[in-house]
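Listed below, chain by chain, are the residues.
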Amino acid sequence: MESLAEALAVWPGREAFPLIAVADDADFCAAGLDNFLWVAFTRSDPATDVYGASAATRARHWSCEAPLVIDARLKPFHAPPLEEDAAVIRKVEALAAPGGPLHNYL
């Protein structure tokens, strides 16, 4: 990740991309802003997963030149992604259907 940040530091178009998130599933991230935000900010730790060119710490304040690079890949200690269960979805939808006990709540 440090090598990527340093390579991006000399890229002529870097100012147009102030934030770059490295993720395992680009299709999921690109499917919507909610997905991107979820991946970028739940799969990264600011203390260990943030990189940038010419990174420096001055008076306990970290800084870098654009772009800021976030390592948002799944880590071994993360829980696996949730997978939808079609049977459970059908049960919840039935509870939320008109006449169901959760109608108007879900």
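Here the structure is shown first, and the text comes after it.
Residues numbered from 1 in each chain as written. Predicted model: local features only at pLDDT ≥ 70, side-chain atom pairs only at ≥ 80, totals over all residues. Heavy atoms only, no water.

Q: Just give me the short version of the environment of aspartate 24, but keep the residues and values in it.
A: Tracing the sequence through the fold places aspartate 24 in the loop between strand 1 (19-22) and helix 2 (26-30). Here aspartate 24 falls in the partly exposed class, since its relative accessible area comes to 46%. Aspartate 24 sits 15 residues away from valine 39 along the chain, and the two C-alpha atoms are 9.2 Å apart. Setting aside chain neighbours within four positions, we find aspartate 24 in contact with Arg73 and Leu74. A polar contact is formed between the side chain of aspartate 24 and the backbone nitrogen of leucine 74, at a distance of 2.5 Å. (Helix = DSSP H or I, 4+ residues; strand = E, 2+ residues; numbered from the N terminus. Buried < 20%, exposed > 50% of the residue type's maximum accessible area, 1.4 Å probe, protein only. Contact = heavy atoms within 4.5 Å. Polar contact = N/O pair within 3.5 Å; in protein donor to acceptor, adjacent residues only side chain to side chain.)

Q: Break down helix 1 (residues 2-9) for me, with residues and values.
A: If you check which residues of helix 1 are buried, you get Ala5, Leu8 and Ala9. Mapping the buried residues of helix 1 onto a view down its axis gives an arc of 110°, with all of them on the same face. Summarising the contacts, the buried residues of helix 1 are in contact with strand 1, strand 2 (50-58) and strand 3 (61-71). (Arc of directions from axis to C-beta.)

Q: Mind laying out the pattern of salt bridges, listing which residues take part and the relevant values?
A: Overall, the coordinates contain 5 salt bridges when judged by the stated rule. The salt bridge involving arginine 73 is made with aspartate 71; its shortest N-O contact spans 2.8 Å. What makes aspartate 71 buried here is its relative accessible area of 6%. Here the salt bridges share partners, and the residues they tie into one network are Asp49, Asp71, Arg73 and Lys75. (Salt bridge = Lys/Arg side-chain N within 4 Å of Asp/Glu carboxyl O.)

Q: Summarise the pairing of strand 3; cite the residues concerned and give the values.
A: Here strand 1 pairs with strand 3 via 4 bridges, running parallel. Looking at strand 3, one finds that isoleucine 20 is bridged to valine 69. As paired strands, strand 2 and strand 3 are joined by 6 bridges and run antiparallel to one another. Within strand 3, the residue paired with alanine 56 across the bridge is serine 63. (Pairing = 2+ DSSP bridges.)

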